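# Understanding the architecture of this molecule
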Amino acid sequence: WHFPSSMPSHHGYRSLEEHDQADVEAHLLDCRVPSERSNSATLEVAREEEATSPHSQWGRPHLLFLGSLFLFAMALIPRIPGFPRHSVQTGHMTDLWDEAIIQSQHKTQEKSSCGHYGCGQSGLRLGTCGCDDSCMADGSCCYDYQQLCKVSSAESSKDKGKVGRCATYGCSKAYRYDHSCQCVPSCKDFGDCCPDYTSHCGANQSRASERAPKKNEEPKVKAAFVPQAYVSAGSKKKHKAFAKDREASIQLMRWQAVRSCPPQFLDKTILAGKQIAKLSQISTAADCQKACTDHGTTCDGFVWEMSGTCVLSDLKNDLPMMVIQEGLIAGMPCCRPGVKHNESQVLRDCPENALDTDITTNAGLRDVPNVKSAYKCQEVCTKTAACGAFSWNPGAHRCSLKQLAPTETTKVMAKAGFVSGLPCGCRATPENALWPGSDVERFTMPLPRGQTTAKPGSLLCLALMVPYSYEAGLLVMQYRHHVGIFSCDEYQVYSSQAMVLAPGLETRKVLTSQKCEVGGEFKSALNLRIFASFWRQVVIDGQYLLYNWIVKADPDSVFFPQRLRPILKQHEAGSMSQSSPGVYFNNCKFGMHGPLEVFSVATVRALSSSFVGCYDFFQKLCKGDCQWGEDMWVDQCLKRSVQAKRVFNSDLLSEAHCDPSPGWQECKDPIRVAFHPFKTVTDHRICQQSAEMAAIAA
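All of the points below concern the structure found in this document. The residue numbering used here restarts from 1 in each chain and proceeds along that chain's sequence as written. Reporting in this predicted model follows two pLDDT cut-offs: at least 70 for local features of residues, and 80 or more for side-chain atom pairs to be given and counted; totals over whole chains, interfaces and linings ignore these cut-offs and use all residues. Side-chain numbers come from the whole structure's heavy atoms, not from hydrogens or water.

### Description of the pattern of salt bridges
Salt bridges are identified by distance alone: a Lys or Arg side-chain nitrogen within 4 Å of an Asp or Glu carboxyl oxygen. Under the defined criterion, the tally for this structure stands at 20 salt bridges. Across the pair R398 and D367 runs a salt bridge, and its minimum N-O distance is 3.8 Å. Remark: D367 occurs in strand β10 (residues 363–368) and R398 occurs in strand β12 (residues 398–403); sequence separation between them is 31 residues. A simple rule labels every residue: compare its accessible area, found with a 1.4 Å probe on the protein chains alone, to the largest value its type can have, and call it buried under 20%, exposed over 50%, or partly exposed in between. According to the relative accessible area criterion, D367 is partly exposed, its value standing at 48%. A salt bridge links D635 to R646, with the shortest nitrogen-to-oxygen separation between them at 2.8 Å. Taken together, the residues span a long stretch of sequence, with D635 in helix α19 (residues 630–642) and R646 in strand β26 (residues 645–648) at a distance of eleven residues. The exposure class assigned to R646 is partly exposed, which follows from its relative accessible area of 32%. Salt bridges linked by common partners bring D439, R442, R529 and D625 together as one network. Runs of E in the DSSP output that reach at least two residues are strands. Runs of H or I that reach at least four are helices, and both are numbered from the N terminus.

Now the structure itself:
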């Protein structure tokens, strides 16, 4: 996934870096214009002189003939067997006599081309693509990279014998994530040994000698904008702005967590009541909901539009009549502290409890025995004035009441079966919210529960939606047409906001701002922590245990579950075994890509148990944060730590960042499981219908 910095992870806008690169390219093109004009003027003068020359009429045909003969001879010489062919060294050996390069020249005015810029220019990004090996990792290669650079590189590398060999890398004791294959003892376990590992290293290495790489062994990569290593004053400024924006989002979500906020309704407006305020520059519907809550008891409803306008209404005794209005989001205020309600109303305004979670505070209160449910425990805490939080132990039926100061932050830890929460009546403060405060809390998953026998081939399909983005419209369209994840056996949409997208379709909330930066080794979206929160909520919900297969699909993926089922049937035997780490699918030759991730239920169980272990492993391996995207992190965790069975299937995904076949955007492949990305409702529907027609024709 590739998203701009300082933006929610799924937005399709260009980053500031991309704008800068486009400006550089435009500047370079402008710099070529004067020379072109100069050459044109020189030619015009030459033509005038030639026209006035007495020999011009006789000399031109003879000169053209001789020149053509000379060019033909020069072109023929490199084709003579044994004659050395000239090449230019630009990182890769590229044959100058290459018809593909010649044919690509006319396209350079339309888009960036390796035929124009040359192969192997490390770090070169003129426009939005590159022509070096690193572009394969982040999916930013120019359209002709494979045709021009990889082919010639593979041919010359084959002659040299230096790519992907232990003879070149050397027999190492440390795993090198910058190498295409490995020369360490554990490569036998993971199946990524170089072809000459056994002959070159095998007899001299033992598994016990392997260790994490030292600092001086880490690959040297081109400096990039990353949150932990700023390279310019501009990047520091952007990071500060991003950090401020993300912190504001988190504070708003913490406020929502303790105020029992009702969901927001997409494409709705409120007709009844009287307008009491009209606010501008309100960035989200959540901010509008907070403004209504803080306005006082006179605000009973709000309507927010994408332009940033927030209308507050006093409904008085009217019912909140909502009608369809595209582009608007409507809702009711959250719980207001200090407002007197009867007991039944207080017990309705309760923060959501945290499942499989225990909490600790600075001071306990007392334990109450014989409490039969978590809801009863929350009621006991609510009726106890000094109680600020509680934890319920289902095995002992014990309700532990805890004190919690207004400025105190709870410490959250995963504990199977336990349920923790805050009292009802919006007594808690945003600082009290049950929010993971560290990576250890975020990456520690509850232990998987017991599993029931599911129907063979059953599918649970999931999506994570960025609120207030184009993704909402895509999901509503798919839901209404019963396609994509909504044609699976079961589905669930997750988001950082509780929203009713359509009748019967409500998002499940995850504790994340869904905002990330772009950076790291591969200049990709650093969305790992967003998806760690997503997977943590999936595991806590436990719904995945009822199905044999779990699929995570991006909202802008055109996904056909019926095409996936025959593929899964071949691996059904290993999908549910609790004694094995299960099966998952690699959908791209460059490694698993996030638009479509397919796991067996056994693999998700194993992943949940290994999440914090993989976090520790990669922290040591990379001497800190590896700064990978979620798809690469999960792929490496499952492959190197969980050791789940990794199955590559090229029919799973056609996408822009995985060297797609020509014409893939037309979606005419009758067996492809998913196409990505299609970010508008119109484009998504056209792709969906085109693929369906192709399947019928086949």
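After that view of the structure, there is still more to cover.
### Side note on helix α18 (residues 601–621)
The span expected for a helix works out to 1.5 Å for each residue beyond the first. In a regular helix each residue adds 1.5 Å, so 21 residues correspond to 30 Å; α18 covers 28 Å between its end C-alpha atoms and thus fits that length. Fitting axes to the seven residues ending at a residue and to the seven starting there, one defines the bend at that residue as the angle between these axes. When the local axis directions of α18 are compared, the greatest deviation, roughly 50 degrees, occurs at S610. In the stretch just after α18, K623 is the one whose phi turns positive, near 55 degrees.

### Quick word on the packing of helix α15 (residues 470–481) against helix α20 (residues 681–697)
Axis definition: a line fitted to C-alpha atoms, over the contacting stretch in the case of helices. Angles run 0 to 180 degrees between N-to-C directions. Contact pair α15 / α20: the axes reach a minimum separation of 9 Å and the direction vectors enclose 40 degrees. Put simply, α15 runs oblique to α20. Considering how the two elements wind past one another, α15 and α20 form a crossing that is right-handed. Where α15 approaches α20, its residues G473, L474, M477, Q478 and H481 are matched on the opposing element by V681, H684 and R685. Residues are sorted three ways: Asp, Glu, Lys and Arg are charged, Ala, Val, Leu, Ile, Met, Phe, Trp, Tyr, Cys and Pro are nonpolar, and all the rest, Gly among them, are polar. Its residues placed into classes, the contact of α15 with α20 shows three nonpolar, four polar and one charged. Roughly parallel means an angle under 35 degrees; roughly antiparallel, over 145; roughly perpendicular, 65 to 115; everything else is oblique. Left-handed is the label given to a crossing in which the near helix is rotated counterclockwise from the far helix by less than a right angle, and right-handed is the label when the rotation is clockwise. Here, residues are in contact when the closest pair of their heavy atoms is within 4.5 Å.

### Considerations on the environment of P456
Position of P456 relative to the elements: it lies in the loop between α14 (439–443) and β14 (459–465). A sequence separation of 93 residues divides P456 from W549, and the C-alpha atoms of the two residues are 9.0 Å apart. Leaving out residues up to four positions away in the same chain, P456 has contacts with N548 and E572.

### Notes on the sheet that holds strand β23 (residues 558–559)
DSSP-based pairing: two strands are paired if at least 2 bridges between them are found. Read from one edge of the open sheet, three strands run β23-β28-β27, paired in mixed fashion. In the strand order of this sheet, the two ends are held by β23 and β27 (653–655), each with one partner. Pairing analysis gives two bridges linking β23 to strand β28 (residues 674–676), with the strands arranged antiparallel. Along β28, the bridge assignment pairs V558 with F675.

### A few points about the state of the cysteines
In this description, the term disulfide denotes a pair of cysteine sulfurs within 2.5 Å. If you walk through the whole model with that rule in mind, you get 14 disulfides. Disulfide pairing is shown between C350 and C424; the S-S distance is 2.0 Å. One quick way to see it: the torsion about the S-S bond of C350 and C424 is about 100 degrees, and its sign makes the bridge right-handed. Linking C350 in the loop between α12 (343–346) and β9 (354–360) with C424 in the loop between β13 (411–421) and α14, this pair joins segments that are 74 residues apart in sequence. A single burial state applies to C350 and to C424, both of which are buried.

### Some thoughts on unusual backbone geometry
Going from H676 to P677, the amide bond is cis rather than trans, its omega being 0 degrees. Its place among the elements puts P677 in the loop between β28 and α20. With phi around 50 degrees, D356 is a residue other than glycine that occupies positive phi space. Relative to the helices and strands, D356 resides in strand β9. The backbone of C667 shows a phi angle near 60 degrees, a positive value even though the residue is not glycine.

### Structural notes on the packing of aromatic side chains
Stacked, edge-to-face and tilted labels apply to pairs of Phe, Tyr and Trp rings (six-membered ring for Trp) whose centres lie within 6.5 Å, assigned for plane angles under 30 degrees, over 60, and everything in between, in that order. All chains considered together, the criterion is met by 19 aromatic pairs. Aromatic pair Y479 and Y491: ring centres 6.3 Å apart, planes at 75 degrees, arrangement edge-to-face. Of this pair, Y479 sits in helix α15 while Y491 sits in strand β15 (residues 490–495); the two residues are twelve residues apart in sequence, bridging distant segments of the chain. Taken together through their ring pairs, the aromatic side chains of F443, F611, Y615, F617, F618, W628 and W633 make up a single cluster.

### So, the packing of α18 against α19
Where α18 meets α19, the axes come as close as 9 Å, and the angle between the chain directions of the two elements is 95 degrees. Overall, the two elements α18 and α19 adopt an arrangement that is roughly perpendicular. Residue-level contacts link T603, A606, L607, S610, F611, C614, Y615 and F618 of α18 to W633, V634, Q636, C637, L638, S641 and V642 of α19. For the contact of α18 with α19, the per-class residue count stands at eleven nonpolar, four polar and no charged.

### Topic: the side chain of Q264
Note on placement: Q264 falls in strand β4 (residues 264–270). Residue Q264 is classed as buried on the basis of its relative accessible area of 1%. Under the rule applied, a polar contact is a pair of N or O atoms within 3.5 Å (in protein, one hydrogen donor and one hydrogen acceptor; residues adjacent in sequence only if both atoms are side-chain atoms). Reaching out from Q264, the side chain makes a polar contact with the side chain of Y468 at a distance of 2.7 Å. Those residues within four positions of Q264 in sequence are excluded, and the remaining contacts are Q256, A285, A286, Q289, F302, I329, A330, Y468, Q497, A498, M499 and V500.

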